[in-house]
Amino acid sequence: MSLSRIIPSLLLVLSLASCGLGHKSWETGDYLVLDSIYCRDPFIVADKNTKTYYLYRSSTTAEGLGGVEAFRSSDLEKWYGPERVFTVPEDNALTGSVWAPEVHYYQGNWYLFATLNTDKTWADKVEGWPSFTYRGTQIFRSDSPSGPFLPLGKDVTTPKDYMALDGTLWVEDGVPYMVFCHEWVQVVDGTYELIRLKEDLSGTSGEPTVLFKASDAKWTKGLSEWKDADGDTHKSYVSDGPFLYRTSGGELLMLWSSFNDTYCVGIARSASGRLEGPWTCDDEPIVEEDGGHSMLFHDFNGNINLVFHRPNSGFSHPVILPLKDTGMTLEVL
């Protein structure tokens, strides 16, 4: 969702000021509450070994290298930090801003899935349309959720000729997969796609498969219009923020975001209960009040929570809402 992810310089200054650049060590000194933390596409990890919650957000260095910072909490209310856990290596294929950092535990290590960007273009700009730039999800590894995360390679994992973003991990029958978005800027009607990963997550195995399009949901609305070479007009639909969840009743759900009148979170569900689907989209979003790009986590009391950013423009900050798993679906309490 490239047009709305650009952080205004003023907001960045406010964010850095609110974070307390001279913060003390873990659980000492000043702390922050969620609505004072500038953060888009929030991702929370509950580390059971240390009883610590980690909140990850994008962060760019003064030299222009993308990166990721983390805040820590023991109660989801007082957050300490930020601490830098990742900086894009200078010799990486893409060294621009980082979007949508996610951290997953897999086979004894912690893996950062991060969308990498660059200003370099690979196709001519179309009048009235965003630029076609190199963009993809890359995977990094650490032995700790607090980093540092190091690259498995020097290039993105998603297909090189895709404007791809928001890759997330899902393991099915012991096989790792990435589900990601194929950017609306390139395909007009943004898609959710699946690709198999190598066992060590160092690359892909096979070709991507389209699961569904953003326009498949009744609640989505197009943002702008595209005219093709024949002069035909097509509406663009944003695909953003996939996150997969297996309910207590065995249903496979995907949280995802797009737009109707505001930024929203929807639910898609697999009829087969497996990644290949077929996938159908619920008629109404689960969150429709200017908030999106969500994920789920269980707190240390066993409760399931939804986290997303709100508002979508201005001072975006994390919002946590408790959920109920009915076995068939998820409901906001």
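Structure: see above.
Residues numbered from 1 in each chain as written. Predicted model: local features only at pLDDT ≥ 70, side-chain atom pairs only at ≥ 80, totals over all residues. Heavy atoms only, no water.

Notes on the packing of aromatic side chains
Cut-off, in case you're wondering: Put simply, two rings from Phe, Tyr or Trp (the six-membered ring, in Trp's case) pair if the centres are within 6.5 Å, and we call them stacked under 30 degrees between planes, edge-to-face over 60, tilted for the rest. Put simply, DSSP marks the helices as runs of H or I at least four residues long and the strands as runs of E at least two long, and each gets a number from the N terminus on.
Under the defined criterion, the tally for this structure stands at 16 aromatic pairs. Considering the side-chain rings of Tyr192 and Phe212, the 4.7 Å spacing of their centres and the 20° angle between planes classify their relative orientation as stacked. Taken together, the positions of Tyr192 in strand 11 (residues 191-196) and Phe212 in strand 12 (residues 209-213) put the pair 20 residues apart, joining distant regions of the chain. Pairwise contacts between aromatic rings join Tyr192, Phe212, Trp219, Trp256 and Trp279 into one cluster.

Considerations on unusual backbone geometry
Here is the rule: Between buried and exposed lies partly exposed: a residue is buried under 20% and exposed over 50% of the maximum accessible area for its type, with that area taken using a 1.4 Å probe on protein chains only.
For the bond from Gly147 to Pro148, the omega torsion is 0°, close enough to zero to count as cis. Within the element layout of this structure, Pro148 appears in the loop between strand 7 (133-142) and strand 8 (150-151). Put simply, Gly277 and Pro278 share a cis peptide bond, and its omega is 10°. Among the structural elements, Pro278 can be located in the loop between strand 17 (263-270) and strand 18 (279-281). Phi at Ala100 is positive, roughly 50°, even though this residue is not glycine. The residue Ala100 is located in strand 5 (residues 98-106) in this model. Relative accessible area serves as the criterion here: at 3%, Ala100 is assigned to the buried category. One non-glycine residue, Val188, lies in positive phi territory at about 70°. Of note, Val188 is situated in the loop between helix 2 (184-187) and strand 11.

Some details on the sheet that holds strand 18
Strand pairs in the sheet, formed through backbone hydrogen bonds, run parallel or antiparallel to each other. Spelled out, the test is: Strand pairing is defined by DSSP finding a minimum of two bridges between the two strands. Here the axes come from fitting lines to C-alpha atoms, over the contacting stretch only for helices, and the angles between their N-to-C directions go from 0 to 180 degrees.
Read from one edge to the other, the open sheet built from 4 strands follows the order 15-16-17-18, with strand pairing classed as antiparallel. Two strands bound the open sheet, and with one partner strand each, they are strand 15 (240-246) and strand 18. Neighbour to neighbour, the strand axes of the sheet diverge by 30° on average, direction disregarded. Here strand 15 pairs with strand 16 (residues 252-259) via 5 bridges, running antiparallel. Opposite Tyr245, over in strand 16, you have Leu253 as the bridge partner.

Considering the side chain of Arg72
To be explicit about the condition: Nitrogen and oxygen atoms within 3.5 Å of one another constitute a polar contact, given that in protein one can donate a hydrogen and the other can accept it, and given that sequence-neighbouring residues count only through two side-chain atoms.
Relative to the helices and strands, Arg72 resides in strand 3 (residues 67-73). Taking the relative accessible area as the measure of exposure, Arg72 reaches 17% and is therefore buried. Of the polar contacts made by the side chain of Arg72, one reaches the side chain of Glu83; its length is 3.2 Å.

What to know about the sheet that holds strand 20 (residues 304-310)
Read from one edge of the open sheet, 4 strands run 19-20-21-22, paired in antiparallel fashion. Looking at the sheet topology across the chains shown, the edges are occupied by strand 19 (292-298) and strand 22 (330-332). Within this sheet the neighbouring strands show an average axis-to-axis angle of 35°, counted without direction.

Regarding the pairing of strand 21 (residues 317-325)
On any regular strand, side chains alternate: one points to one face of the sheet, the next to the other face. Bridging between strand 20 and strand 21 involves 6 bridges; their strand directions are antiparallel. Bridge assignment links Asn305 to a residue of strand 21, and that residue is Pro322. The pairing of strand 21 with strand 22 spans 3 bridges and is classified as antiparallel. From the neighbouring strand, Lys324 faces strand 22, where its bridge partner is Glu331. The loop that links strand 21 with its antiparallel partner strand 22 comprises 4 residues; one of these, Gly327, has a positive phi angle of about 95°.

Overview of empty space enclosed by the protein
Put simply, the test is: Cavities and pockets were defined on a 1 Å grid built over protein atoms only: a cavity is a set of grid points that admits a 1.4 Å probe from which the probe cannot escape, a pocket is an open set flanked by protein on both sides within 12 Å along at least five of seven lines, and lining residues are those with an atom within 4 Å of any such point. Grid points are joined across faces, edges and corners, and a volume is the space filled by probe spheres set on the points. Side-chain classes are defined by residue name, with Ala, Val, Leu, Ile, Met, Phe, Trp, Tyr, Cys and Pro counting as nonpolar, Asp, Glu, Lys and Arg as charged, and the others, Gly among them, as polar.
Scanning the entire structure with this criterion turns up 1 cavity of 30 Å³ or more. Computed from the structure, the largest cavity encloses a volume of approximately 40 Å³. As for the largest cavity, its lining consists of Asp41, Pro42, Phe43, Ala100, Pro101, Glu102, His293, Ser294 and Met295. Elements with a minimum of two residues in the lining of the largest cavity: strand 5 and strand 19. When the residues that make up the lining of the largest cavity are grouped by side-chain class, the tally is 5 nonpolar, 2 polar and 2 charged.

Let's talk about the pattern of salt bridges
Basically, it comes down to this: By definition, a salt bridge exists where a carboxyl oxygen of Asp or Glu is found within 4 Å of a side-chain nitrogen of Lys or Arg.
Following the criterion strictly, the structure yields 12 salt bridges and no others. Residue Glu83 is joined to Arg72 by a salt bridge in which the shortest nitrogen-to-oxygen separation is 3.2 Å. Separated by 11 residues along the polypeptide, Glu83 in strand 4 (residues 80-87) and Arg72 in strand 3 bring together distant segments of the chain. Residue Asp282 pairs with Arg269 through a salt bridge whose shortest N-O separation is 3.0 Å. Here Arg269 lies in strand 17 and Asp282 lies in the loop between strand 18 and strand 19, a separation of 13 residues in the sequence. Note on Arg269: relative accessible area 17%, which makes it buried. Within this structure, Glu172, Asp173, Arg274 and Glu276 form a network of salt bridges that share partners.

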